[in-house]
Amino acid sequence: QVQLVESGGGLVQTGGSLRLSCAASGPISWTYFMAWFRQAPGKEREFVAVISRSGSAYSDDSVKGRFTISRDSTKNTVYLQMNNPKPEDTALYYCAAGDKGLSSEARSYNFWGQGIQVTVSS
């Protein structure tokens, strides 16, 4: 059974930095595309960033220039480096894996982590 486990969340101040990790285990192919989504209270889940096995990546305009997605295939881990976060980045962050390409659509992803809270204080 595929498992995605997020870690590294917590409280961070505006202008600080935080790195989220997502460790994958089980029968997951590393040809899979790995992504981060987030969901704030009362809002729909939204796309943050996605990365391919080869390292091709793109992110939503709202985080571009501040957040960076990366992966270490030797460790089966995907990261989200969050620099200069803003209060509006406060949300539950989810890791996801899928085989539908560099997609920003949640329905393209087969597997999901349980989510981890990130709170940004001003």
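Just so we're clear, the structure is a prediction, and the values are computed from it rather than from any experiment.

**Student:** Looking at this structure, I do not really get the packing of aromatic side chains. What am I missing?
**Tutor:** Given two aromatic rings, their pairing is described by the distance between the two centres and the angle made by the two planes. Summed over the entire model, instances satisfying the criterion amount to seven aromatic pairs. For the pair Phe 37 and Tyr 109, a centre-to-centre distance of 5.5 Å together with 70 degrees between the ring planes defines the contact as edge-to-face. Pair noted here: Phe 37 is in strand β4 (residues 33-39) and Tyr 109 is in the loop between β9 (91-98) and β10 (111-112), with a separation of 72 residues, a long-range link. For the residue pair Phe 37 and Tyr 109, the accessibility class agrees, reading buried in each case.

**Student:** Which parts of the structure should I look at to understand the environment of Pro 85?
**Tutor:** On the secondary structure map, Pro 85 appears in the loop between β8 (77-83) and β9. On a C-alpha basis, the gap between Pro 85 and Arg 66 in space is 7.2 Å, while along the polypeptide they are 19 residues apart. When residues no more than four places from it in sequence are discounted, the contact partners of Pro 85 are Val 12, Gln 13, Thr 14, Gly 15, Gly 16, Ser 17, Arg 66, Phe 67 and Val 120.

**Student:** Would you explain the pairing of strand β3 (residues 17-25) in this entry?
**Tutor:** Within a regular strand, the side chains alternate between the two sheet faces. Sheet topology note: the strand β1 (residues 3-7)/β3 ladder contains five bridges and is antiparallel. In the strand pairing of β3, Ser 7 is matched with Ser 21. Here seven bridges tie β3 to β8, and the two strands are oriented antiparallel to one another. In the strand pairing of β8, Ser 17 is matched with Asn 83.

**Student:** Before we go on, may I ask you to explain the sheet that holds strand β7 (residues 67-72) in this structure?
**Tutor:** In sheet architecture, strand pairing relies on hydrogen bonds along the backbone and comes in two forms, parallel and antiparallel. The strand order β1-β3-β8-β7 describes an open sheet built from four strands, whose pairing is antiparallel. For this open sheet the edge positions go to β1 and β7, each flanked by a neighbour on one side alone. Strand-to-strand twist of the sheet, defined as the mean angle between neighbouring strand axes without regard to direction, takes the value 15 degrees. Note: β7 against β8, six bridges, orientation antiparallel. From the neighbouring strand, Asp 72 faces β8, where its bridge partner is Thr 77.

**Student:** Looking at this structure, how should I read unusual backbone geometry?
**Tutor:** Backbone geometry follows two general trends: most residues other than glycine have a negative phi, and most peptide bonds adopt the trans configuration. Phi at Asn 76 takes a positive value of approximately 50 degrees, unusual for a residue other than glycine. Here Asn 76 is to be found in the loop between β7 and β8. For Asn 84, which is not glycine, the phi dihedral falls at a positive 50 degrees. With respect to the element layout, Asn 84 can be found in the loop between β8 and β9.

Criteria and thresholds
- Residues numbered from 1 in each chain as written.
- Predicted model: local features only at pLDDT ≥ 70, side-chain atom pairs only at ≥ 80, totals over all residues.
- Heavy atoms only, no water.
- Phe/Tyr/Trp six-rings, centres within 6.5 Å; stacked < 30°, edge-to-face > 60°.
- Helix = DSSP H or I, 4+ residues; strand = E, 2+ residues; numbered from the N terminus.
- Buried < 20%, exposed > 50% of the residue type's maximum accessible area, 1.4 Å probe, protein only.
- Contact = heavy atoms within 4.5 Å.
- Pairing = 2+ DSSP bridges.
- Axes fitted to C-alpha atoms, helices over the stretch in contact; angles between N-to-C directions.

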